[in-house]
Structures are given as structure tokens and as C-alpha cells.
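Listed below, chain by chain, are the residues.
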Amino acid sequence: MNHTLERNTRIRNIAIIAHVDHGKTTLVDQLFKQGGVFRSGEEVSERVMDSMDLERERGITIAAKNCSVIWGETKINIVDTPGHADFGGEVERALGMVDGAILLVDSSEGPLPQTRFVLKKALERKLPIIVVVNKIDRKDARPKEVLNEVYDLFIDLDANDDQIEFPVLYAVGRDGVASPTLDERGTDLKPLFDAILATIPGPSYDPAEPFQMLVSNLSYSDYVGRLAIGKVVHGSVKFKEDVVRIDRQGKPQQLRITKLQVYDGVRLKEVESVSPGDIVILAGVEQVEIGDTICTKERPKALKRITVDEPTISMRFMANTSPLAGQDGEFLLASKIGERLKKESLHNVALQVESAGDESFIVKGRGEFQMVILIETLRREGFELSVGRPNIILKQQGEVMLEPIEHLFIDCDERFTGAVSEKLASRKGRMVNLVNHGSGRVRLEFSIPARGLIGYRTEFLTDTKGTGIMNSYLSGYEPFRGEITSRVTGSLVSDRAGEAVAYALFHLEPRGVLFVKPGDQLYEGMVVGEHNRDNDLDVNPTKAKKLTNIRAAGRDENIILTPVSDMTLERAIEFIRDDEYVEVTPKVVRIRKARLTQHERALAKRD
């Protein structure tokens, strides 16, 4: 029996799609201010949507977040989408909650590969799109050419005729102005609000269906426990009503809603009941998973499940056991690290945490970038820990070993094509597409094993002189493509504890690249540099100059060492081998051998 669908015209649910640094978060701030979310005179932090310090520093969106603005009688729910494919699981779910999207493009840079990834998903869902060309006040703005590039992108992504007839607005997000033409400069964001109401339909629902809600995201509150976030597809529900959740196996399980909230600006507001199309937050749902349906007890009926990208990479996390442990951090115990990781996995659905039994934890996720963000978050909270090398999660199918394969997009200057292709070929990458518009930049596409991308980002930026853009998503599993030679160099390992001395470091420089500076605290088994050859070499970086009666001891002050750049987390994780760990504390990042003494390492080698 087909019922006619109705629309809830009091609500609009939209996603904002934009590349890193194209002004998405700033534009949302202005929508807030003009949509009357903030009272006049209220203190407002810049970039409301970037709630994590890391997001503010790196200028990227990591976790999809939601908020709402009121325009006239209509509530507009805004869902933020991460542009980074390491957080691809977030994208799928964010788009499941909306009925349309705003594509925000920089008037100078034009649409970039990461925008492409999210836009493709939006077009596949047949969502109507509004294009906003932002930052038209830039000196190097070229809005007309950029608009043509957007049309090319839509055609390239097989958009249908309706989708290509998108409305276009020209904006300066920072000033909070938008206008439908380039000739006149707008005075506020009214044209954008009007375009949202005109282009993006209210959520549709079937009045004859009972309450159904699809869980698209999870959160966690220290006060009320696990929270389920999602869109009400049909029907309505009241506070304290008994409902059921339908799990992966299709079995209904009883729940009672202890708290019912909706977005009110950036905060949450408790409500008595919700209607179709609302994006709601439910408490009282401890066992819930993403993709579950929450519905009425009388007529349980499952919606189509959404899937989260499965993890492709795993890393070992453990307590810091180096001789210098406990000097900087507040939380050192393995049990504390385990608790914190478990809590993170409640918030962050793309992460899985397993206990490895030896007081260490295996964390599985979507890419090394996601892992770096997690470790960086922990060290800022005062944790000290050691982490191992990232490993790829393989699958066995009958006799065949399968590995995750990424579809990699690269955007770089034409002159770097050779260097990039050569490096990727050595990492078992195969070129599947090359687009050259004759503009000086080329777009390359590769199919490459996920393990081939570990540690490639830094090399790529060096090869393209910092101007290249790379982005990838999981395309599936294929038979193992063979060994990839990663690092062909060994490590320089300190053979004793002490303080690094300039005289000793000067004489070690011919042996390789050093990571330490004079005055740094060292311990036996700490990696102090990269050896020129493929074997490890034990060295003494604490050796001072012998004194004679001819020269004063202070004479070697004129030793000039090659400057050493600080070891970053990304560099360390890319550098280490299987028998090495990265030691991370709130203040320093060091590399060490898993077995600290020469004797232990010699025994392990012999075994």
C-alpha cells in the first residue's frame, strides 16, 4: 500500500561540503550570528564548529558535528562533513541525515580533490546542491573560471540535469555577505538563507508509518552515558516512551528514552517530543550501534542499515617504559591509557580498541592520519605512551591473502608527475587515470595498497615542493601485491645514558642524519639518528673531547653542527621499523628500540 509522502516544511537539513580552508567554518559562524543563534553582546568563540583544539590548529574538520539556525519560522539543521577520506565513515553518515547540500568553493583555488570525494557521495544520493563561490574579495579571485570548473566537476561525476541546474551565490564568508551576481556586493546572508529554503526540500515522511529513527552517529556523555544521534524518518516520539532498537541481526531489543534533545544553535536543548525530519539525540540507549533503527514497540520495522568503512590499519599502544618515563606526563599507567582509548572508541565509531593481553592495546582505524590525531589528542591531555609501527589489516579468503586497496587522487604541477609516478610505482601503485586540462596542473589517479601510503605523505610534499594535494578512499580488497621495500637505512642507536655532546655529534654526522641536539637527554637504546647504511649502529653521542695541556677544553665551542629539525609525531611514525617504538610525552617525541640493551637485541637477532 503506497501512501503519499508529505514534507515537514518547518525543517531543512543541509550538509556543508568544502575543502580544507575554503571558509566553511567561518561561514557557519556568520549564519549563526545572522540567524539569531547568539544573543547580542554574547561572547562568541571564533570558528564555532571546530570544537577540538587540533581542528583549530590544523584547520580541518575531523568529526562530523551538527548545529542549527532559525530563519523566520524554519529551523535549519547544519551537518558538518569532514573533507578527509581517513574520516570517510563520517561522510556517509552525515549525508544520510540531510536533504541537500551547500558546496563551498574558494574563488581562487576552485574545487579540489577532497571536495570531489564528498560531492560524489552527495550526487549519488540525488541531493540538490547550492554552490557558493567564497572569498571573492581575494586579489587572485577568478570566480568565473572557478564556476566553469565546478560545472566540469559535476559533469565528470555524472550529475543529472536537475543537479547541474544548481543556484550559484558569490560570498565573502568572513564579512557575512552573499549575492546572486558578481556585479553587486551583498549586504548580508539573506540570499543564502532564501536559496536554502527555495532549493532544499523539507524532509519527507509517510504520515501512516510509525516512529522510525536511523542511528547515524554516536556520542558519549559522562552524565547520561551513550547517546544515539540520527534523523527521525517517520512518525514522532515522546520523552520517556518505551521503544525498541533493531540490531544488526534484525532482533528487537527494548529501550526507554531517558532524555530527548535537539540542536539549538551549537548547544543541545531538551524537548518533550520530536517530529519527522528532526535530528535528535537520545539518551538511555547503552547498547546501540550505528546503523540500528529505533522504532515503536507495537510496529517494529527496520530501516536500511548504513555501514561504516571497516578499519584498514592497526597500531599497538602501550605504557611508556623508557628510562626517562614519568618526567613530563600525568597519566602513565597502561590501565589509564586503556580506559581513555575505550572512551575514545565510544565517541569515534571508526576506531576499534582491543586488549592485547600484555598490558598493551591494539587500536584499529582508517589511516595513519587518524592515528596521529588520536595520539596527539592523548599527549595534550597529559598521557605518556609508546606506540608501534602501523600495520595493515589483511583478510584471508580461502587460499588467497587479500589486502585493502586505496583509490588515490593526486593534484600536482605537471613537472612533478614523473617523480610522483615513480615513487608510487615502487610502492605497488598503478595509474588508472590522468587528466591534464593544460592549466599547468594535472590530476592523477592510482590504485595502491593501503600499506603503500604509510609514510608517503611527507615524501609527497617534499617531491611536489609542498604544492601537491593527495586524497584517497578505500576501494576494496585485492590479492596481496607483493612486498614493498620501506626504509633502506638503519638506525644510529645510543649505547649509553647521558647528555648529547656537540663534539661527539660532530663526529657522528658523516654516519647519517641526526635527530638529537647537544644537551638532549639520552638513554641506552634510544635512536639518535638514521644510519647511511642498512644496518643499525651503536654509537656514543655523549663522548667529550680528551683534554691535553696544549688546548683548553673550551676550544671546541666553534664546532658547527648541521641544524636538526624537531622530531614530529608524523615523521617518527613513518620512520620506525618493526623493532622500534615511538615514545610520546606531552613535551617530546623520541624514537627507541623495543629492546633497549645491546645484549637483548643481540639475543633477539640470534633467535
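What you see is a predicted model; the values in this text were computed from it and never measured.

Conventions adopted
In this numbering scheme, every chain counts its residues from 1 along its sequence in written order. Totals for whole chains, interfaces and linings use every residue, but because this is a predicted model, local features are given only for residues with pLDDT of at least 70 and side-chain atom pairs only at 80 or more, for both listing and counting. Where side-chain values are given, they derive from all heavy atoms of the structure, hydrogens and water being excluded. The criterion is simple. A nonpolar core is a set of buried Ala, Val, Leu, Ile, Met, Phe, Trp, Tyr and Cys residues joined through side-chain atoms within 4.5 Å. Partly exposed residues are those whose accessible area sits between 20% and 50% of the maximum for their type, while under 20% is buried and over 50% is exposed, using a 1.4 Å probe and protein chains only. Whether two residues are in contact is decided by their heavy atoms: any pair within 4.5 Å suffices. By the convention used here, strands pair only if DSSP detects at least 2 bridges between them. A run of H or I in DSSP counts as a helix once it spans at least four residues, and a run of E counts as a strand once it spans at least two, with each numbered from the N terminus. What counts as an axis is a line fitted to C-alpha atoms, over the stretch in contact for a helix, and the angles between N-to-C directions run from 0 to 180 degrees. Only rings of Phe, Tyr and Trp enter the pairing, Trp through its six-membered ring, and a pair is recorded when the two centres are within 6.5 Å. The plane angle decides the type: under 30 degrees is stacked, over 60 is edge-to-face, the rest tilted. Charges are assigned to positions over rings by a cutoff of 6 Å between ring centre and Lys NZ or Arg CZ, combined with an angular limit of 35 degrees from the ring normal. This arc is taken over the directions from the axis of the helix to the C-beta atoms. For the purposes of these results, a polar contact is taken to be a pair of N or O atoms within 3.5 Å, where, inside protein, one atom must be able to donate a hydrogen and its partner to accept one; residues adjacent in sequence count only when each atom of the pair is a side-chain atom. The quantity called pLDDT is the predictor's confidence in a given residue, expressed from 0 to 100. Only one rule defines a salt bridge in this text: a Lys or Arg side-chain nitrogen within 4 Å of an Asp or Glu carboxyl oxygen.

### Observations concerning the nonpolar core
- If you look at the biggest cluster of nonpolar residues, it comprises 37 residues, and the most contacted ones within it are Leu95, Leu103, Leu119, Ile129, Val131, Val150 and Phe154.
- Excluding residues within four positions of it along the chain, Phe154 makes contact with Leu103, Leu119, Leu123, Ile129, Val131, Ala159, Gln163, Ile164 and Phe166.

### Re the sheet that holds strand S19 (residues 293–296)
- Strand order in the open sheet made by the eight strands is S14-S13-S19-S10-S11-S18-S15-S16, with antiparallel pairing throughout. Each edge of the sheet is formed by a strand with only one pairing partner; in this case those strands are strand S14 (252–256) and strand S16 (267–270). Averaged over neighbouring strand pairs, the angle between their axes works out to 40° when direction is ignored.
- Pairing geometry for strand S10 (residues 212–221) and S19, over three bridges, is antiparallel. Bridge pairing in S19 links Met213 to Ile294.

### Section: the pairing of strand S15 (residues 259–264)
- Sheet analysis places S15 next to strand S18 (residues 279–283), joined by four bridges and oriented antiparallel. Within S18, the position partnered with Gln261 by the bridge is Ile281.

### Here we look at the packing of aromatic side chains
- In this structure the tally under the stated criterion is five aromatic pairs.
- With 4.7 Å between their ring centres and 45° between their planes, Phe154 and Phe166 make a pair best called tilted. Of this pair, Phe154 sits in helix H5 (residues 143–156) while Phe166 sits in the loop between helix H6 (161–164) and strand S7 (168–172), placing them twelve residues apart in sequence.
- For Phe166, a relative accessible area of 6% translates into the label buried.
- Between Tyr456 and Phe460, the ring centres sit 5.8 Å apart and the planes meet at 45°, which makes this aromatic pair tilted. Pair noted here: Tyr456 and Phe460 are both in helix H11 (residues 456–463), with a separation of four residues, about one helical turn. Both residues of the pair, Tyr456 and Phe460, belong to the buried class.
- Here the aromatic cluster, defined as three or more aromatic residues joined through ring pairs, consists of Tyr151, Phe154 and Phe166.
- When the ring centre of Tyr477 is taken as origin, the NZ or CZ atom of Lys395, which lies over that ring, is 4.1 Å away.

### Quick notes on the sheet that holds strand S5 (residues 100–106)
- One open sheet accounts for seven strands, arranged S3-S4-S2-S5-S6-S7-S8; its pairing is mixed. The open sheet terminates on both sides in strands that have one partner only, identified here as strand S3 (66–71) and strand S8 (177–179). Adjacent strand axes in the sheet meet at a mean angle of 30° when their direction is disregarded.
- Where strand S2 (residues 11–18) lies against strand S4 (residues 74–80), six bridges are found, and the strand directions are parallel.

### Structural notes on H11
- All buried positions along H11 are accounted for by Tyr456, Phe460 and Asp463. The arc enclosing the buried residues of H11, seen along the axis, measures out at 65°, which places them on a common side.
- In the core, the buried residues of H11 are packed alongside helix H9 (368–380), strand S26 (400–413), helix H10 (417–426) and strand S29 (469–479).
- Two residues or fewer after H11 comes Lys465, characterised by a positive phi angle close to 55°.

### Things to note about the side chain of Arg592
- In this structure, Arg592 sits in strand S37 (residues 589–593).
- Among the polar contacts listed, one links the side chain of Arg592 to the side chain of Thr321, at a separation of 3.0 Å.
- If we ignore the near neighbours within four places in the chain, the residues touching Arg592 are Thr321, Ser322, Ser386, Tyr523, Gly525, Met526, Val527, Glu580 and Tyr581.

### Some thoughts on the pairing of S18
- Within S18, five of the five residues are buried, which leaves it mostly tucked inside the rest of the structure.
- Covered by surrounding structure in S18 are Ile279, Ile281 and Ala283 together with Val280 and Leu282, the residues of both alternating faces.
- Pairing of strand S11 (residues 225–234) with S18, which is carried by five bridges, proceeds in the antiparallel orientation. Counterpart to Leu227 in the pairing with S18 is Ala283.

### What about the confidence of the model for the protein chain?
- Per-chain confidence: the protein chain averages 80 in pLDDT, with 89% of residues scoring 70 or above.
- Counting interchain partners and residues more than four positions distant, the pLDDT-below-50 stretch residues 38–64 has 71 contacts.

### Some details on the pattern of salt bridges
- Under the definition given, this model contains 26 salt bridges.
- For Arg245, the salt bridge is made with Asp292, and the minimal N-O distance between the two is 2.4 Å. Of this pair, Arg245 sits in strand S13 (residues 242–246) while Asp292 sits in the loop between S18 and S19; the two residues are 47 residues apart in sequence, bridging distant segments of the chain.
- Owing to a relative accessible area of 6%, Arg245 belongs among the buried residues under this scheme.
- Looking at Asp292, the relative accessible area reads 0%, which means it is buried.
- Notably, a salt bridge pairs Asp495 with Arg496, separated by 2.9 Å at the nearest N-O pair.
- Salt bridges sharing common partners tie together Lys423, Arg427, Glu459 and Asp463.

### Notes on unusual backbone geometry
- In this structure, Lys126 is a non-glycine residue whose phi angle is positive, near 60°.
- Relative to the elements of secondary structure, Lys126 occurs in the loop between helix H4 (113–124) and strand S6 (129–134).
- The exposed category is assigned to Lys126, whose relative accessible area is 61%.
- Positive phi, normally seen in glycine, also occurs at Lys428, with a value near 65°.
- Counting through the fold element by element, Lys428 comes out in the loop between H10 and strand S27 (430–436).

### Here we look at the side chain of Glu406
- Positionally, Glu406 belongs in strand S26.
- Judged by its relative accessible area of 5%, Glu406 is buried.
- If we ignore the near neighbours within four places in the chain, the residues touching Glu406 are Thr312, Arg366, Phe446, Ser447, Ile448, Ala450, Leu453, Ser472, Tyr473, Leu474 and Ser475.

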